[in-house]
Amino acid sequence: MRALPLLFGLAACQEPFSVNRRELGPFRIAAVGVVDGVASAALWSGLGLYHDERPSLTWTLDGAPLGEGFDVAVPAEGGQLGLTVTAPDGGVYVAEVTARAAPIAPPSVTRAAVDLSGSVDLAARRDVLAESVSGSVAEGEATRLSLTGVGVEELTWRWMSAGGLGSLLELDPGVADVLAEELEFEDGVLLNRSPTGPGLYPQLVLGLDGLGGNLWVWADAAIGVTTPLLRHEGRLIPADAEAPPGLVAGTVALSDDLVGLTLIDVAPATEDDIAGTFLSCAPSPGEPFRLQWLAEGRCLREDLDGERVVLEVF
């Protein structure tokens, strides 16, 4: 069974999508594209923004073998890029896209607190006051996530909630509200609102130009979180201390939530931290750690457990 063009992988010989496409539930190829000349994919493990067993990736170009794994270069002339993923449980997933670099750089993610306790109607949400935040909003508020950058308005954006946790309501292209609530609708009428509690509510945002130029951003909303959060690309990382922008060092401790880890003993990275950091799963020695490596299967949690990592925070 072949993936839908540009977007999603389907498990071979299974019914398409046992959950809403806007919810990342079971294992899925959530996005495929070419990033910096390399074949890339957002692989959702079905567990959280981490993998505990490494998936197997096999790439083709116009039907011919291209390579395996996470560092497969795509020729500049492009073609039809195919991906077959074998999940840890043996399930086989396939996807195909036109091999074309994304037309814009990955956008940044900004956050704002909005009070949606009165109404979640589109008109009401457009009129509500949005107050900029760097991390978590207060419990009872919603987080407004916005993609910013040159060319953002030129792409079509599709939002997916990790684990289907909470509720996601799109507002404008590249803007969506995340609520720590389950919203029950019938024929467009809101019937019930059930709180889901404080925590991190991760989203995957896929940008499409309609010609194969795909890009994606993992973006976290934090609601009612009182512990320090480090901003890293579009993500928020639970930590035991705040840290200034720049390279930061921290020791990885695993956690039983969608994020899958926290950082402890956080401090600005020293020269010794930078020189001494080596992860076997990193693309190259000494490269600062990126959370997307964990989210998409390049690194496993066991590769990181107890390791001192260096990463960039904003």
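About the cut-offs
Residue positions are given per chain, counting from 1 as you read along its sequence in written order. In keeping with the predicted nature of the model, local features appear solely for residues at pLDDT of at least 70, side-chain atom pairs appear and are counted solely at 80 or more, and the whole-chain, interface and lining totals rest on all residues. Note that water and hydrogens are dropped before the side-chain values are worked out from all heavy atoms of the structure. Helix and strand labels come from DSSP, where a helix needs a run of H or I of at least four residues and a strand needs a run of E of at least two; each type is numbered from the N terminus. Accessible area is worked out with a 1.4 Å probe on protein chains only. A residue is then buried under 20% of its type maximum, exposed over 50%, and partly exposed in between. We call two N or O atoms a polar contact when they sit within 3.5 Å, provided that within protein one can donate a hydrogen and the other can accept it, with sequence-adjacent residues counted only if both atoms are side-chain atoms. Here, residues are in contact when the closest pair of their heavy atoms is within 4.5 Å. When DSSP finds at least two bridges between two strands, those strands are taken to pair. When the centres of two rings from Phe, Tyr and Trp lie within 6.5 Å, Trp using its six-membered ring, the rings pair. Their planes under 30 degrees apart give stacked, over 60 give edge-to-face, and anything left gives tilted.

### A look at the side chain of arginine 298
At step 1: With respect to the helices, strands and loops of the structure, arginine 298 is situated in the loop between helix H3 (291-295) and helix H4 (301-304).
At step 2: With a relative accessible area of 14%, arginine 298 lands in the buried category.
At step 3: Within polar-contact distance, the side chain of arginine 298 engages the backbone oxygen of phenylalanine 70 at 3.1 Å.
At step 4: When neighbours within four sequence positions are excluded, arginine 298 is seen to be in contact with Arg54, Phe70, Asp71, Cys281, Ala282, Pro283 and Trp293.

### Comments concerning the environment of serine 194
At step 1: Inspection of the secondary structure puts serine 194 in strand E17 (residues 189-195).
At step 2: Judged by relative accessible area, which is 29%, serine 194 ranks as partly exposed.
At step 3: Along the sequence, serine 194 and asparagine 214 sit 20 residues apart, while their C-alpha atoms lie 35 Å from each other.
At step 4: Serine 194 has contacts with Ala180, Glu181 and Glu182, leaving out every residue within four places of it along the chain.
At step 5: Engagement of the side chain of serine 194 in a polar contact is seen with the side chain of asparagine 192, the distance being 3.0 Å.

### Here we look at the pairing of strand E23 (residues 261-268)
At step 1: In the sheet, strand E22 (residues 246-254) pairs with E23 via six bridges, with the strands oriented antiparallel. Looking across to E23, one finds that valine 248 is bridged to proline 268.
At step 2: Linking two consecutive strands that pair antiparallel, namely E22 and E23, is a turn of six residues; a positive phi of about 90° is found at glycine 260 within it.

### Re the packing of aromatic side chains
At step 1: The full count for this structure, using the stated rule, is two aromatic pairs.
At step 2: Aromatic side chains phenylalanine 27 and tyrosine 93 sit 4.9 Å apart centroid to centroid with 40° between the ring planes, which places their arrangement in the tilted category. One end of the pair, phenylalanine 27, is in the loop between strand E2 (23-24) and strand E3 (28-35); the other, tyrosine 93, is in strand E8 (residues 92-98), with 66 residues separating them in the sequence.
At step 3: Judged by its relative accessible area of 12%, phenylalanine 27 falls in the buried class.
At step 4: Both rings, one in phenylalanine 289 and one in tryptophan 293, keep their centres 5.7 Å apart while their planes meet at 85°; by these two values the pair is edge-to-face. Each member of the pair, phenylalanine 289 as well as tryptophan 293, is classed as buried.

The analysis is restricted to geometry; functional conclusions fall outside its scope.
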